[in-house]
Amino acid sequence: MGEQTKIGWCDATWNPWRGCSKVSPGCARCYAERHESRFGTVQWGPNGTRVVTTEANWKKPLKWNREQHDRQAWCSANSSDDAPPFRVFCASLADVFEDWEGQVGHSSGLPMYVMDEPNGHPYRWAAGHVLDRMTSGRPLTLADVRQRLFELIDQTPHLTWLLLTKRPENILRFWPGNSEHTPSQMTRRNNVWLGTTIESHNDAIVRVPKLLAVAHCAAKLFLSAEPLLSGVRLDEIACENTAWPGTGQIDWLIAGCESGPQRRPMQLEWCDYLLRVCRQKNIAFFMKQMEIAGKVVTDVSEFPKELQVQEFPK
Ligand code: SF4
């Protein structure tokens, strides 16, 4: 739920809750669903369940933030280079911008509530059995958990939060502090990088303009072409009010094949093309993984020479 990670483009993964619904072909073999089905605690889908993670998990980013602060202070005091950012991939087992209106549950299976009266919990959340003993409350929703997530993001300025979504159309509506739901009202968060998944050209056509529309609320924008299921002709995407693809609009692009059993194939020429566009538009490119001789390989030294590229945005 909040761990050091094998994902090469971040330093840790962290989840505010677990559970999601499939929205596009890239979800067909959702890693998170496979991961959760092993434990059987979360049901995927609109009529499924969402489970908030533990209080111990919610404390981890605060600890990472203190450690990163100390690293930055040490580097500054010793006149060396800036400390590298500590990138937290938020919601590898969910989608931060999912529009789901049910009652969030506890990992025990009990429903969660927001208590009417303080109960010692800073967010007044409690599972059903505590509610029975104490007082009344209302069902806990993803909106409540998302609100707390953004408070946590604001409390951890030394971390770099990577929010990757397949629902960029919801970012404007769900961005805390934006009651008008207009891009100009969105609070800018300098410790957030916002990204969307572009697993196919059809998804990219819809999602890239939605991401660009909220560009000013995050420090950087990125695209994840993983699992890459078709060629994505980035320079054919039409965006209103912006001259896409322009230089400097997108900071980073990650590409990679699907993993897991029955994975769908990725063609290297799709990656070659994306790398070429990134070079033209000054977008950092990160080749995450590809299938070689029937195995998913993440060791960049095994990639074809021209795709041995793992860059981060500056
Ligand atoms: S959006 Fe992500 S977490 Fe949700 S079903 Fe799709 S792949 Fe899984």
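For the structure itself, consult the block above.
Because the structure is predicted, anything quoted here is derived from the model rather than measured.

Asks: Please give an account of the pattern of salt bridges that cites residues and values.
Replies: In total, this model carries 18 salt bridges according to the counting rule given. In this structure, Asp 11 engages Arg 87 in a salt bridge whose closest nitrogen and oxygen atoms are separated by 4.0 Å. Taken together, the residues Asp 11 in the loop between strand S1 (2-4) and strand S2 (12-14) and Arg 87 in strand S5 (residues 86-90) connect sequence positions 76 residues apart. Look at Arg 87 and you get buried, because its relative accessible area is 10%. Arg 173 is paired through a salt bridge with Asp 99; the nearest N and O atoms lie 2.9 Å apart.

Asks: Before we move on, could you go through the nonpolar core and cite the residues and values that matter?
Replies: Note on soluble globular proteins: their nonpolar side chains tend to be buried together. Grouped together as the largest cluster of nonpolar side chains are 70 residues, with contacts concentrated most on Trp 161, Leu 194, Leu 234, Leu 253 and Phe 285. Top element by residues in this core is helix H7 (residues 268-281). It accounts for seven residues. Formed by eleven residues, the second largest nonpolar core is a distinct cluster that contains Trp 9, Phe 89, Trp 193 and Phe 286.

Asks: Any details on the sheet that holds strand S7 (residues 125-127)? Residues and values, ideally.
Replies: One open sheet holds the three strands; their spatial order is S7-S6-S8, and the pairing between them is antiparallel. Strands at the two margins of the open sheet, each flanked by one partner only, are S7 and strand S8 (137-139). Strand-to-strand, the axes of this sheet are offset by a mean angle of 40°, without reference to chain direction. Sheet topology note: the strand S6 (residues 112-115)/S7 ladder contains three bridges and is antiparallel. What sits directly across from Met 112, in S7, is Ala 127. Packing of helix H4 (residues 142-155) onto the sheet brings it into contact with S6, S7 and S8, and relative to S7 it is tilted by some 135°.

Asks: Just give me the short version of the site of the ligand, but keep the residues and values in it.
Replies: Near the ligand the following residues occur: Cys 20, Ser 21, Lys 22, Cys 27, Cys 30, Trp 44, Ala 94, Asp 95, Lys 166 and Arg 167. A per-class count over the shell around the ligand returns five nonpolar, one polar and four charged.

Asks: I'd like a rundown of the packing of aromatic side chains, residues and numbers included.
Replies: Aromatic ring pairs are defined here through the distance separating the ring centres and the angle between the ring planes. Summed over all chains, the structure comprises 14 aromatic pairs. Measuring from centroid to centroid gives 6.5 Å for Trp 9 and Phe 222, while their planes differ by 50°, and the two rings are tilted. With Trp 9 in the loop between S1 and S2 and Phe 222 in strand S11 (residues 218-225), the pair connects residues that are 213 residues apart, well separated along the chain. Taken as a pair, Trp 9 and Phe 222 share a single burial class, namely buried. Taking 4.9 Å as the distance between ring centres and 90° as the angle between the ring planes, the aromatic pair formed by Trp 14 and Trp 58 counts as edge-to-face. In this pair, Trp 14 is assigned in strand S2 and Trp 58 in helix H2 (residues 55-77), connecting sequence segments 44 residues apart. According to the relative accessible area criterion, Trp 14 is buried, its value standing at 0%. Its end group placed over the ring of Phe 312, Arg 87 keeps NZ or CZ at 3.9 Å from the ring centre. In this arrangement the basic side chain of Arg 148 is found over the ring face of Trp 58, its NZ or CZ atom lying 4.2 Å from the centre.

Asks: Can you lay out the packing of H2 against H4 for me, pointing to particular residues and giving the numbers?
Replies: Packing of H2 against H4 brings their axes to within 10 Å, and their N-to-C directions diverge by 20°. Taken together, the axes of H2 and H4 lie roughly parallel to each other. Seen from above, H2 lies across H4 with right-handed handedness. Across from Glu 55, Trp 58, Pro 61, Leu 62 and Asn 65 in H2, the residues of H4 making contact are Val 145, Arg 148, Leu 149, Leu 152 and Gln 155. Among the residues making up the contact of H2 with H4, the classes are represented as six nonpolar, two polar and two charged.

Asks: Could you give an account of the pairing of S6, with specific residues and numbers?
Replies: Across the two faces of S6 the burial is the same, with Met 112 and Val 114 and Tyr 113 and Met 115 all buried. Here S6 runs beside S8; their pairing, made up of three bridges, is antiparallel. Residue pairing for S8: Tyr 113 is matched across the bridge by Pro 139.

Asks: Outline the pairing of S5, listing residues and values.
Replies: If a strand is regular, its side chains alternate between the two faces of the sheet. For S5, the tally of buried residues reaches five of five residues, placing the bulk of the element in the interior. Side chains Phe 86, Val 88 and Cys 90 of S5 all project onto a buried face; the interleaved residues Arg 87 and Phe 89 project onto the opposite face, where all are buried too. Both S5 and strand S9 (residues 159-165) contribute to a ladder of five bridges, which runs parallel. Looking at S9, one finds that Phe 86 is bridged to Leu 159.

Asks: Outline the environment of Gly 105, listing residues and values.
Replies: Among the structural elements, Gly 105 can be located in the loop between S5 and S6. Overall, Gly 105 belongs to the buried group, its relative accessible area being 12%. As a C-alpha pair, Gly 105 and Thr 53 span 52 residues in sequence and 9.4 Å in three-dimensional space. For Gly 105, the residues in contact, after removing those within four places along its chain, are Arg 50, Val 51, Val 52, Leu 110, Pro 111 and Met 112.

Asks: Any details on H7? Residues and values, ideally.
Replies: Across its 14 residues, H7 extends 20 Å between first and last C-alpha, which sits within 8% of the 20 Å expected from 1.5 Å per residue. All of the buried residues in H7 are Trp 270, Cys 271, Tyr 273, Leu 274, Leu 275, Val 277, Cys 278 and Lys 281. Turning to H7, the residues buried within the fold contact S11, strand S12 (252-256) and strand S13 (284-292). Looking at the residues trailing H7, positive phi occurs at Asn 282, about 60°.

Here is what the cut-offs are and how they apply
- Residues numbered from 1 in each chain as written.
- Predicted model: local features only at pLDDT ≥ 70, side-chain atom pairs only at ≥ 80, totals over all residues.
- Heavy atoms only, no water.
- Salt bridge = Lys/Arg side-chain N within 4 Å of Asp/Glu carboxyl O.
- Helix = DSSP H or I, 4+ residues; strand = E, 2+ residues; numbered from the N terminus.
- Buried < 20%, exposed > 50% of the residue type's maximum accessible area, 1.4 Å probe, protein only.
- Core = buried A, V, L, I, M, F, W, Y, C linked by side-chain atoms within 4.5 Å.
- Pairing = 2+ DSSP bridges.
- Axes fitted to C-alpha atoms, helices over the stretch in contact; angles between N-to-C directions.
- Contact = heavy atoms within 4.5 Å.
- Near = heavy atom within 4 Å.
- Nonpolar A, V, L, I, M, F, W, Y, C, P; charged D, E, K, R; others polar.
- Phe/Tyr/Trp six-rings, centres within 6.5 Å; stacked < 30°, edge-to-face > 60°.
- Lys NZ or Arg CZ within 6 Å of the ring centre and 35° of its normal.
- Parallel < 35°, antiparallel > 145°, perpendicular 65-115°, else oblique.
- Left-handed = near helix turned anticlockwise from the far one by under 90°.
- Expected span 1.5 Å × (residues − 1).

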